[in-house]
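Chain by chain, the residues run as shown.
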Amino acid sequence: MRNRIWLITGISSGLGKALSDSVMKRGDFVIGTFRSESQVEDFNKSTMESGYAVHMDMNYEASIVKGVHEIISKFKRIDVLVNNAGIGFVGAIEEASTKEIRNVFETNFFGALKLTQEVLPYMRKEKSGHIVQISSQGGINASPGFGVYNASKFALEGFSEALEKEVASLGIKVTIVEPGPFRTNFAGNNLVLAESEINDYDSTAGKLRHNLKSKHGKQDGDPVKASDAIIHMVDDPTATLRLPLGKIAFMLIEKKLESVQSDLDMNRKIAEQTSFE
């Protein structure tokens with residue numbers, strides 16, 4: 001098999017950096033995105049044969065289009081796309097402003113959607129490729145204080161689930177990665193807090209604000225092991241649509257499925273009675 005070319009967004013830190021390092025170590029080529037021109041220059045000076053960086057701001061369509069054009073002009077193909085760039089946001093639904101909500105969706109949903117759309121024509125031409133969407137266990141299981149973030153990841157999973165059915169016959173695979181808490185900068189400088197705070201939510205959303213900061217650097221998940229799991233999944237011809245990562249993610253997703261099944265069981269008769277005879 002020829003060495004793959006991976007396009008991984010947001011490789012300056014966290015899971016993106018760990019994954020790009022692991023991919024380069026195994027002999028594949030990484031094209032990574034940064035929002036800073038200086039980071040692009042530094043990366044290109046240090047990686048040389050194993051990687052290449054492009055400037056791409058996931059909040060701007062023009063930047064995404066320009067970045068993909070640069071990549072294809074230089075490398076002709078993209079074998080694996082990893083939509084990793086994203087931001088965390090904590091705040092009760094009532095606390096979140098429209099501006100804050102749109103900012104989360106621009107990166108976590110619209111940016112990933114646009115980049116996927118831009119890469120797909122080249123994967124269709126090759127009749128091969130793998131699109132990896134870095135979601136979260138919060139893309140299935142919502143929690144107080146994470147509602148806006150949950151919504152952005154639910155949206156990411158929604159279009160990715162449909163996409164998987166659209167491109168399967170074209171030789172393109174889609175996998176949604178659902179990590180739990182990992183020792184990245186998600187709960188550190190990358191975490192955005194709602195500017196508004198309402199005291200009535202202190203025991204719910206407010207509790208999450210405190211807990212995330214206090215657990216920063218102590219999370220259960222190892223980004224290097226997560227990277228190895230993602231690479232293994234891309235190598236696996238029987239790769240599944242969803243890949244949960246971490247004990248906590250597995251437990252919370254399992255609980256969500258049990259809750260949904262319980263609701264189905266309790267409302268089966270009502271659901272069936274609403275159909276025409």
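Structure shown above.
Values in this document were obtained by computation on a predicted structure and should not be read as measured data.

What counts, and where the lines are drawn
- Residues numbered from 1 in each chain as written.
- Predicted model: local features only at pLDDT ≥ 70, side-chain atom pairs only at ≥ 80, totals over all residues.
- Heavy atoms only, no water.
- Core = buried A, V, L, I, M, F, W, Y, C linked by side-chain atoms within 4.5 Å.
- Buried < 20%, exposed > 50% of the residue type's maximum accessible area, 1.4 Å probe, protein only.
- Helix = DSSP H or I, 4+ residues; strand = E, 2+ residues; numbered from the N terminus.
- Contact = heavy atoms within 4.5 Å.
- Phe/Tyr/Trp six-rings, centres within 6.5 Å; stacked < 30°, edge-to-face > 60°.
- Pairing = 2+ DSSP bridges.
- Right-handed = clockwise from strand over helix to strand, strands pointing away.
- Expected span 1.5 Å × (residues − 1).
- Bend = angle between axes of the 7 residues up to and from the residue.
- Axes fitted to C-alpha atoms, helices over the stretch in contact; angles between N-to-C directions.

Peer 1: In this structure, what is going on with the nonpolar core? I would like to understand it.
Peer 2: If you look at the biggest cluster of nonpolar residues, it comprises 30 residues, and the most contacted ones within it are Leu7, Ile31, Leu115, Val119 and Ile131. Sorting the residues of this core by element identifies β1 (5-8), β2 (29-34), β3 (51-55), α3 (61-75), α4 (98-126), α5 (147-167) and β7 (172-179) as the ones contributing at least two each. With residues near it in sequence (within four places) discarded, Ile31 still touches Ile5, Trp6, Leu7, Ile8, Tyr52, Val54, Ile71 and Phe75. Within the second largest apolar cluster, 25 residues are counted, among which are Trp6, Ile11, Val132 and Val234.

Peer 1: I would appreciate a short explanation of the packing of aromatic side chains in the present structure.
Peer 2: This model, assessed by the stated rule, comprises seven aromatic pairs. For the ring pair Phe109 and Phe159, a centre distance of 6.0 Å and an interplane angle of 70° mean the geometry is edge-to-face. Highlighted residues: Phe109 in helix α4 and Phe159 in helix α5, separated in sequence by 50 residues. An angle of 40° between the planes, with centres 5.2 Å apart, marks the rings of Phe146 and Tyr149 as tilted. For the pair Phe146 and Tyr149, a shared accessibility class is recorded, and that class is buried.

Peer 1: Would you mind showing me how to read the pairing of β2 here?
Peer 2: A regular strand places its side chains on the two faces of the sheet in alternate fashion. Within β2, six of the six residues are buried, leaving the element largely enclosed by the surrounding structure. Covered by surrounding structure in β2 are Phe29, Ile31 and Thr33 together with Val30, Gly32 and Phe34, the residues of both alternating faces. As paired strands, β1 and β2 are joined by four bridges and run parallel to one another. Note that in β2 the partner of Ile8 across the bridge is Gly32. Assessed by its sense of winding, the connection that carries the chain from β1 through helix α1 (residues 14-25) to β2 is right-handed. Bridge analysis of β2 against β3 gives five bridges, and the strand direction is parallel. Counted as the bridge partner of Val30 is Gly51 from β3. A crossover links β2 with its parallel partner β3, the connecting element being helix α2 (residues 37-47), and its sense is right-handed.

Peer 1: It is not clear to me how the pairing of β7 should be interpreted in this structure. Could you clarify?
Peer 2: Here β7 lies mainly inside the structure; seven of its eight residues are buried. Sheet topology places strand β6 (residues 129-134) next to β7; six bridges connect them, and they run parallel. Of the residues in β7, the one forming a bridge with Ile131 is Val174. Taking the sense of rotation as the criterion, the β-α-β connection linking β6, α5 and β7 turns out right-handed. Bridging between β7 and strand β9 (residues 242-245) involves four bridges; their strand directions are parallel. What sits directly across from Val177, in β9, is Leu243.

Peer 1: I'm lost on helix α8 (residues 247-273) in this one. Help?
Peer 2: Note: α-helices contain 3.6 residues per turn, so residues at a spacing of three or four share the same orientation. End to end, α8 covers 40 Å across 27 residues, agreeing with the expected 39 Å (1.5 Å per residue, within 8%). At Asn267, α8 shows its largest bend, some 60°.

Peer 1: Explain the sheet that holds β6 here, please?
Peer 2: Strands belonging to one sheet form pairs held by backbone hydrogen bonds; the direction of such a pair is parallel or antiparallel. On the basis of which strands lie adjacent, the open sheet formed by seven strands has the order β3-β2-β1-β4-β6-β7-β9 and parallel pairing. Each edge of the open sheet carries a strand with a single partner, namely β3 and β9. Strand after strand, the sheet turns through a mean of 20° between neighbouring axes, direction not considered. Packing of α1 onto the sheet brings it into contact with β1, β2, β3, β4 (80-83) and β6, and relative to β1 it is tilted by some 170°. Sitting on the sheet, α5 is in contact with β6, β7 and β9, with an inclination near 155° to β7.

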